[in-house]
Amino acid sequence: MRGGPGPVREVPGAVEVSSGGLPPWLAPVALAAETVQPPQLSRFLPPADGAGRQSAVLVLFGEGERGPELLLMERAGSLRSHAGQPAFPGGALDPADGDPHGDGPVRAALREAWEETGLDPEGVQVFGVLPKLYIPVSQFVVTPVLGWWREPSPVGVVDPAETARVFTVPVADLTDPAKRATAVHPMGHTGPAFLVERALVWGFTAGVIDRLLHFAGWERPWDPSRQVPLDWRA
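Residues numbered from 1 in each chain as written. Predicted model: local features only at pLDDT ≥ 70, side-chain atom pairs only at ≥ 80, totals over all residues. Heavy atoms only, no water.

Focus on helix 1 (residues 27-35)
Along helix 1, the positions that sit buried rather than exposed are V29, A30, A32 and A33. The arc that holds the buried residues of helix 1, viewed along the axis, is 160 degrees, so those residues lie on one side. Where helix 1 is buried, its residues meet strand 1 (53-64), strand 5 (124-129), strand 7 (140-149) and helix 5 (203-215). (Buried < 20%, exposed > 50% of the residue type's maximum accessible area, 1.4 Å probe, protein only. Helix = DSSP H or I, 4+ residues; strand = E, 2+ residues; numbered from the N terminus. Arc of directions from axis to C-beta. Contact = heavy atoms within 4.5 Å.)

Points about the side chain of D94
The residue D94 is located in the loop between strand 4 (90-92) and helix 3 (104-117) in this model. Exposure remark for D94: the relative accessible area of 10% places this residue in the buried category.

Things to note about the confidence of the model for the protein chain
Predicted coordinates in regions of low pLDDT should not be interpreted in detail. Across the protein chain, the average pLDDT comes to 91, with 90% of residues at or above 70. In the predicted structure, residues 2-10 sits below a pLDDT of 50 and forms 28 contacts with residues beyond four places in sequence or in another chain. (pLDDT = per-residue confidence, 0-100.)

Section: the sheet that holds strand 10 (residues 190-196)
If you walk across this open sheet you meet the four strands as 11-10-9-12, and the pairing is mixed. A single partner strand is all that each edge strand has here, and the edge strands are strand 11 (199-201) and strand 12 (227-229). Along the sheet, successive strands turn relative to each other by an average axial angle of 40 degrees, direction set aside. Pairing analysis gives five bridges linking strand 9 (residues 180-184) to strand 10, with the strands arranged antiparallel. The residue bridging A181 from the neighbouring strand is A193, located in strand 10. The sheet strands contacting helix 5 are strand 9, strand 10 and strand 11, and the helix crosses strand 10 at an angle near 85 degrees. (Pairing = 2+ DSSP bridges. Axes fitted to C-alpha atoms, helices over the stretch in contact; angles between N-to-C directions.)

Re the nonpolar core
V59, F61 and F127 are the most contacted members of the largest nonpolar core, which totals 38 residues. Apart from residues no more than four positions distant in its own chain, F127 is found in contact with V17, S18, S19, L22, L26, V29, A30, F61, L146, G147 and W148. (Core = buried A, V, L, I, M, F, W, Y, C linked by side-chain atoms within 4.5 Å.)

A word on the pattern of salt bridges
Here the structure, examined in full by the defined rule, presents 11 salt bridges. One salt bridge connects R111 with E115, and the closest N-O pair in it is separated by 3.1 Å. Of this pair, R111 and E115 both sit in helix 3, four residues apart, which is roughly one turn of that helix. Assigned by exposure class, R111 and E115 land together as buried. Measuring nitrogen to oxygen at the nearest pair gives 3.9 Å for the salt bridge that ties R150 to E151. Via salt bridges that share partners, D94, D97, R111, E112 and E115 belong to a single interconnected network. (Salt bridge = Lys/Arg side-chain N within 4 Å of Asp/Glu carboxyl O.)

Observations concerning the pairing of strand 7
It is a general feature of regular strands that their side chains alternate between the two faces of the sheet. In terms of residue burial, strand 7 counts as a mostly covered element, since 10 of its 10 residues are buried. Residues of strand 7 alternate between two faces, with F140, V142, P144, L146 and W148 on one and V141, T143, V145, G147 and W149 on the opposite face, all of them buried. Pairing of strand 1 with strand 7, which is carried by nine bridges, proceeds in the parallel orientation. Note that in strand 7 the partner of A56 across the bridge is T143.

Observations concerning the pairing of strand 1
Of all the 12 residues making up strand 1, nine are buried; the element is thus mostly covered by neighbouring parts of the structure. Relative to strand 4, strand 1 is paired through three bridges, and the arrangement is antiparallel. Within the sheet, the bridge partner assigned to A56 lies in strand 4 and is G91. Here strand 1 folds back onto strand 2 (residues 67-75) in antiparallel fashion, the turn holding two residues.

Written as structure tokens, this is what we have:
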């Protein structure tokens, strides 16, 4: 997740949240977004005192050659934090994004996706917003914004200093038990992980994907005892 300020792009008319006109396969995800409670998504929830930096990520579903897919990016290896880690496009809210408790997170998620991947926000239909979650190590309060890539646009690396690559992952691979594992941090923390598209997806991103697969009814039985150790720099 990008922590520094970037150029601000207005996203007029892109803050409407609507589940109308979605492909049928996205209906379970839209329903989950309406009903899921914060503790069902993560044990890390925003501090009660309101501390933490408000941010947002875009969880963008599209339809590719192998069916439903998710858009991800891999952070540059030279970054000071989360170097080389796959993630959703996203970052901190700018003042121009608006109310962090209103439509600010939606605007921020779309703006950051544009800045990081070149995505055209006009082709994205926002159909849900998940409860705010917390990343203790970076003190980010993160709002996952769910989008349907209604009109796909070209995407790629915009700034090589921040992003190593932009790629999509078929949902079929994310639900494949052979591509799932438990990531083990050197400090002893564990969490879900996905070995897809030459990448190990773990941490916050993997946690959100894991819960979406579960509450959408897409999850297939997999072996949590299969462990993947993380580098000490993770």
